[in-house]
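In case you want the letters, here they are:
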Amino acid sequence: MMSKISSVRFHPAFRLYRYSVKRTMGLTVLMTVFLMLICPGYVFMHINHVLKLGSTDMKVYDLNRDLPTLILIVTVITTAAAILYLFINFAFLYGRSSSDFFHSLPLNRRSLLASRFFAGIVPVLMPMTLTYAAMCGLLAIDYISGNIRLILWGFVYNILILLMSCAFSMIFIVASGSVFDLIISFFTFNIGIAVVQLINQSFCEVYLFGFPRGEIPAFFTNSSPFIYAFVTFSELMNGSERTPADFVIFTARLLFVTAASLVAAFLLYSRRKSEKSGVSYAYRFLYVVCALIVGVIGAYALGTIFAGDQVTPVFWVFAVIGGMLAAVTFGAVNDRGFKSFKKSLVIGGCSAALIGTLALFLWSGAFGYSSRIPEKESVKSVSVAFGQFSVEFDDPSLVIDLHKKITEQSGGDGYGEINISYKLKFGELKRTYFVDYNDFSDELLKIIKSEENIENIRESFDAFTGNNLSLSFYYEDDWIDPVPITASELKGLKEAYVSDIPSATEDSVEGATRISCDITGFDRNYDYCYYSVYIEEGFTNTIEYLESLDLKQRAVAYNTDTTVRE
Amino acid sequence: MIKSVGLTKIFDGKKALDGVEFEIPEGSIFGLVGSNGSGKSTFLRLAAGIYMPDGGDITAGGERIFNNFALKSEIAYVGDTPYFLPNATIREMARFYRRMYPKFDNNLYNRLIEIFPLDYKARIATMSKGMQRQAALITAIASSPKYLLLDEAFDGLDAVMRKVLKSILIEASEERSLTTVISSHNLKDLEFLCDRVGLIHLGKLVFSDETENIKSRIHKVQMAFRQIPETSVFSGLDVVKVERSGSIIYMIVRGDEEEIMRYIGRLSPIFSECVEPTLEEIFVYELEAKGYDVKNIIS
């Protein structure tokens, strides 16, 4: 039988890639329409709406204020779509017959992985590029202004974040054995790891002496590549204090995670047994990691619900029960039964043991974390904040003395918060302590009476322009309503107050002051600002000056006579 | 030639294949028989490069199959449950195969779609099991592979289609030197098709040989005597099994047919004849002789 052989050029991986792209074409068109509706659609309508409603002198819309949010939304949508495409493209791994079919095709594992991977990413690039082109197009309209460089940077980082997210997702895709377990493990890890870091933060606050408060800890931001990418991207797009180094570090980290994830995914896939299709996990490590995460969350949740306080034995009893319950439940969901009941129990116990070990580690000072005080020579500057005072020093001696005393006494118990933040030659060091201010009154008074604090107070007064100044104060259980004051009166108050600072006593440290004043007004940038002044009994200069201003009478007159107000 | 040396595959600690050694010559049709779970499908998946061996090796034309892109373009595999692309018709599947397999033969495909009476525009997923298998066979054969691996190929096919498939495979073997490995737990399907047959049981190869050799070394003899002789008179023969029904003796004997009949002739039977046993019978006798529990091996 003579046969005519097909004359089609032969590139199986490319052919498979084209087939995969075509298969998701419908979804791609839908996504294009959706993204076009957001930008330029919604954005254009919004701009015109704002310009129509805005004041008559508003002729130009500044798109820059919307661009960071817009770029972030487009990045989230395109990244989610690319991951969804990957889930679709690699679904063949999870069915026996489909796995046999694709693995019998004339492709090696590397080309099969590459063709399906790029078939998940490339279709997303088209609507994404169109959206960014539309953003640039909006800037071409004469009544819309904006920074095209911001859009271009957004486009570049969108691609980098999309690539990194897809590469990292590939580890879950390859290590899972079924679609159900892929979804479970993907969300368990990426959401669970963030929750675990919140638990970690909670433990640090309870057990780790000196752990700084009031900001998102770095270990939370770095817990998952997704969290890191989106949080950092958002900060860089919105932040005013971004430096080129921040962008370089962000880019390098994204590229590193992308490369490492792709290598890991490829190595896992090249060793992945085809017969694992349909089972829960092709690689058991993913199950163990996820079960540990679930166990930690379960342990913390049950311990907190039943004990509340993490330092009680009851907490730990319920933590062990919670860890085991959570891990067994997770195991039962993954195994569709209780086949691995004993293993799950062990994993749950390990989860509770992990947080127990963490608590012990933190309680023991975390390898000197709690007692670490930087050398004076290594400090560029330090700021200390307690009560109503916040002072920055170039010479850290006073703060180091205070810091030493706190660590020597292990802080003691108290509700007085002291925040210390060192800017070091290499990095920074932040600590928060809760102490009884009385135990450290000498050191704190030195800080209050320091030249730096006095200068700081002067700067706070000087921040006000002379316009729209007003002063209200709390005086012996009596509240005086805001009274307009003049710039010269403010200057007089400043001089009186500054002259009294050297005679400050423990009352200032403890905040037990007789009078407190709130000064409100505008700064040089026309932004609203205020400053609170705490005046103790011995601040005679300040008290006399305030009395000389006759503020009580002026307040009554101002608040009853509308002509005065006008 | 497809050759396996010490081929081992382990699933969850259990050996699905245990040191299997095969040699399947080029252009032959090789029948792989065994009960359910014996390891036939596992062997075919290893031969298709789907599974990676846990021990030993499997090669085709002297090259390792797993992850061998060039070699796999010459191997077509049809699994026991054929897979089709979502919502695909036969034409779409053919288009896909045409793109993936460099030697896809359009003429052969056109000929096959004339032979198999299917609706080529209908979604394959809506077709019956037998029709789906026909669709899978059409695309696999049309991709002009050098090695065709068919797992339970006759499953779901009616008698006519079985015959058609057999003739297509024989023709391809003769004209294109196609090497076919076809697994079945039903020996009747392979009876007049395979050049060689191998039997796998519990992951181990029981035996493998040319069909003619297997058939020529065992014979079914029936004979009648005026006076039934003692069994000891047959001691000169390699008797596998003897059964008596009245004055007729049925005997399964190993050895050369002429020598057997000459030996029996010397015993002056009223009549004697040598009947060719079926492949299934041969396997049963051979296995029983080797001490296997036959009922559990061949269904």
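Because the structure is predicted, anything quoted here is derived from the model rather than measured.

(A) Here's a closer look at the overall build of chain B. Scanning chain B from N- to C-terminus turns up 10 helices and 14 strands. A principal-axis box enclosing the C-alpha atoms of chain B has dimensions of 70 × 45 × 30 Å. Looking at chain B as a whole, 42% of its 299 residues are labelled buried. Partitioning the contacts of chain B with sequence separation of at least 6, the portion at a separation of at least 24 is 69%.

(B) Spotlight on the overall build of chain A. In terms of regular secondary structure, chain A is built from 21 helices and 10 strands. Its C-alpha atoms give chain A a radius of gyration of 31 Å, clearly above 24 Å, the size a compact globule of 566 residues would have. Dimensions along the principal axes, computed over C-alpha positions, put chain A at roughly 115 × 65 × 45 Å. Counting all 566 residues of chain A, 36% fall into the buried class. A sequence separation of at least 24 residues applies to 73% of the contacts in chain A between residues at least 6 apart.

(C) Region of interest: the sheet that holds strand 1 (residues 2–11) of chain B. Residues and elements named next belong to chain B. Ordered in space as 2-1-4-5, the 4 strands form an open sheet in which the pairing is antiparallel. The outermost strands of the open sheet, each flanked by one partner alone, are strand 2 (14–24) and strand 5 (63–64). The sheet contact formed by strand 1 and strand 2 spans 7 bridges and is antiparallel. If you follow F11 over to strand 2, its bridge partner there is K14.

(D) Focus on the interface of chain B and chain A. With 29 residues of chain B at the interface, the matching set in chain A holds 26 residues. Within the residue set of the side of chain B that touches chain A, elements represented by two or more residues are helix 2 (69–72), helix 3 (90–100) and helix 4 (106–115) of chain B. A total of 4 residues in the side of chain B that touches chain A trace back to one element, the largest contributor, which is helix 3 of chain B. In terms of residue class, the side of chain B that touches chain A is built from 15 nonpolar, 7 polar and 7 charged.

(E) Layout of the domain arrangement of chain B. Residue and element names in this part refer to chain B. According to the domain assignment, chain B contains domain 1 (2–210) and domain 2 (217–296). Counting from both sides, the interface comprises 10 residues of domain 1 and, opposite them, 8 residues of domain 2. If you list the elements that add at least two residues to the side of domain 1 that touches domain 2, you get helix 7 (187–190), strand 9 (196–201) and strand 10 (204–210). Here the residues of the side of domain 1 that touches domain 2 sort into 6 nonpolar, 2 polar and 2 charged.

(F) Inspection of the domain arrangement of chain A at higher detail. Split into domains, chain A comes out as domain 1 (12–177 + 225–271), domain 2 (284–363), domain 3 (376–448) and domain 4 (451–565). Here the C-alpha centre of domain 4 of chain A lies 53 Å away from the C-alpha centre of domain 1 of chain A.

(G) Seen up close, the confidence of the model for chain B. Looking at chain B, pLDDT values average 88 and 96% of them are 70 or higher. Predicted complex metrics record ipTM = 0.88 and pTM = 0.81.

(H) Representation of the packing of helix 11 (residues 284–307) of chain A against helix 12 (residues 313–335) of chain A. All names here are of chain A. It is the contact of helix 11 with helix 12, at a shortest axis distance of 6 Å, that shows an interaxial angle of 140°. Here helix 11 lies oblique to helix 12, going by the angle between them. Relative to helix 12, the crossing made by helix 11 is right-handed. Partitioned by chemical class, the residues of the contact of helix 11 with helix 12 number 23 nonpolar, 7 polar and no charged.

(I) Summary view of the environment of M52 of chain B. Inspection of the secondary structure assignment puts M52 of chain B in the loop between helix 1 (40–47) and strand 4 (55–60). Overall, M52 of chain B belongs to the buried group, with 20 C-beta atoms counted inside 10 Å. Ignoring any residue separated from it by four or fewer positions in sequence, one finds M52 of chain B in contact with K273 of chain A together with F66 of chain B.

(J) Molecular detail of helix 4 of chain B. Residues and elements named next belong to chain B. Those residues of helix 4 lying buried are L108, Y109 and L112. Taken end-on, helix 4 shows its buried residues confined to a sector of 100°, consistent with a single buried face. Where helix 4 is buried, its residues contact helix 3 and helix 5 (129–142).

(K) Representation of the environment of F283 of chain B within the structure. Among the structural elements, F283 of chain B can be located in helix 10 (residues 279–289). Remark: the alpha-carbon pair of F283 of chain B and L199 of chain B, spanning 84 residues in sequence, is separated by 8.5 Å.

(L) Highlighting the sheet that holds strand 11 (residues 218–224) of chain B. All names here are of chain B. Taken together, the 4 strands give an open sheet; going across it, the order is 12-13-11-14, and neighbouring strands pair in antiparallel fashion. The sheet terminates laterally at strand 12 (238–245) and strand 14 (271–275), the two strands that pair on one side only. Between one strand axis and the next, the sheet turns by 20° as a mean value, whatever way the strands run. Pairing geometry for strand 11 and strand 13 (residues 248–254), over 7 bridges, is antiparallel. Of the residues in strand 13, the one forming a bridge with A224 is I248. This element, helix 9 (residues 257–265), spans strand 11, strand 13 and strand 14 of the sheet and lies at about 165° to strand 14.

(M) Representation of the confidence of the model for chain A within the structure. All names here are of chain A. Taken over all residues, the pLDDT of chain A has a mean of 86, while the share at 70 or more is 95%. Across chain A, the secondary-structure element scoring lowest on mean pLDDT is helix 21 (residues 562–565), at 50, and the one scoring highest is helix 6 (residues 148–175), at 95. Here residues 1–8 scores under 50 on pLDDT; set against residues more than four positions off or in separate chains, the count is 14 contacts.

(N) Quick look at helix 5 (residues 109–139) of chain A. Taking 1.5 Å per residue as the helical rise, helix 5 of chain A with its 31 residues ought to reach 45 Å, and the 46 Å between its terminal C-alpha atoms agrees with that figure. A maximum bend of about 25° is found in helix 5 of chain A at L125 of chain A, where proline P127 of chain A lies one to four positions downstream.

(O) How the structure looks around unusual backbone geometry. The amide bond that connects C39 of chain A to the next residue, P40 of chain A, takes the cis arrangement and shows omega of 15°. One can find P40 of chain A in helix 2 (residues 25–53). Backbone geometry places S144 of chain B, a non-glycine residue, at a positive phi of 45°. Within the secondary structure, S144 of chain B is located in the loop between helix 5 and strand 7 (147–151). Judged by the 22 C-beta atoms lying within 10 Å of it, S144 of chain B falls in the buried class. Residue S177 of chain B is not a glycine yet carries a positive backbone phi of 55°. On the secondary structure map, S177 of chain B appears in the loop between helix 6 (159–176) and strand 8 (179–184).

(P) Local environment of the nonpolar core. In terms of nonpolar packing, the biggest core is built from 181 residues, with M170 of chain A together with A47 and L149 of chain B touching the most fellow members. Counting residues per element, this core draws most heavily on helix 6 of chain A, which supplies 17 residues. With residues up to four places along the chain from it excluded, the contact list for L149 of chain B reads L44, A47, A48, I75, Y77 and V181 of chain B. Among the nonpolar cores identified, the runner-up in size contains 21 residues, and V379, V384, F386 and I447 of chain A belong to it.

(Q) View of the environment of I515 of chain A. Tracing the chain through its elements places I515 of chain A in strand 9 (residues 515–522). If sequence neighbours within four positions are ignored, I515 of chain A has contacts with F473, Y474, Y475, I535 and I543 of chain A.

(R) Main features of the pairing of strand 4 of chain B. All names here are of chain B. Bridge analysis of strand 1 against strand 4 gives 5 bridges, and the strand direction is antiparallel. In the strand pairing of strand 4, K3 is matched with T59. With 2 bridges joining them, strand 4 and strand 5 adopt antiparallel strand pairing. Considered in strand 5, the bridge of A60 is made with E63.

(S) Layout of the packing of helix 11 of chain A against helix 13 (residues 341–363) of chain A. Residues and elements named next belong to chain A. For the pair helix 11 and helix 13, the least separation of the axes is 8 Å and the interaxial angle reads 60°. With respect to their mutual orientation, helix 11 and helix 13 come out oblique. Judged by the twist between their axes, the crossing of helix 11 over helix 13 is right-handed. Of helix 13, the residues touching helix 11 (which contributes V288, A291, L292, G295, V296, A299 and Y300) are S344, I347, G348, C350, S351, A352, L354 and I355. Looking at the contact of helix 11 with helix 13 residue by residue, the classes come out as 11 nonpolar, 4 polar and no charged.

Criteria and thresholds
Just so you know, the residues in each chain are numbered from 1, in the order the chain's sequence is written. Each chain takes a letter, starting from A, and each ligand takes a number, starting from 1, following the order in which they are written. Totals for whole chains, interfaces and linings use all residues, but because this is a predicted model, local features are given only for residues with pLDDT of at least 70 and pairs of side-chain atoms are given and counted only at 80 or more. For helices the rule is a DSSP run of H or I covering at least 4 residues; for strands it is a run of E covering at least 2, with both sets numbered from the N terminus onward. Exposure is read from a count of other C-beta atoms within 10 Å of each residue's own; the residue is exposed at 12 or fewer, buried at 20 or more and partly exposed in between. C-beta atoms are placed from the backbone. By definition, residue pairs are in contact when their C-beta atoms, positioned from the backbone, come within 7 Å. It is over C-alpha atoms that the radius of gyration is taken, and the globule rule equals 2.2 Å times the number of residues to the power 0.38. Two strands are said to pair when DSSP picks up at least two bridges between them. Note on residue categories: nonpolar means Ala, Val, Leu, Ile, Met, Phe, Trp, Tyr, Cys or Pro, charged means Asp, Glu, Lys or Arg, and polar means any other residue, Gly included. Throughout the structure description, domain borders are defined by an automatic or database domain assignment. Residue-level confidence of the predictor, termed pLDDT, takes values from 0 up to 100. Angles run from 0 to 180 degrees between N-to-C directions of axes, and those axes are lines fitted to C-alpha atoms, restricted for helices to the stretch in contact. The scheme is simple: roughly parallel for angles under 35 degrees, roughly antiparallel for over 145, roughly perpendicular for 65 to 115, oblique for anything else. Should the near helix be turned counterclockwise from the far one by less than a right angle, the crossing is left-handed, whereas a clockwise turn marks it as right-handed. Starting at the helix axis, one direction is taken to each C-beta atom, and the arc is that of these directions. Given a helix with a known number of residues, its expected span is that number minus one, times 1.5 Å. We define the bend at any residue as the angle between the axes fitted to the seven residues before and including it, ending there, and the seven starting there. Definition of nonpolar core: a set of buried Ala, Val, Leu, Ile, Met, Phe, Trp, Tyr and Cys residues joined via C-beta atoms within 7 Å.

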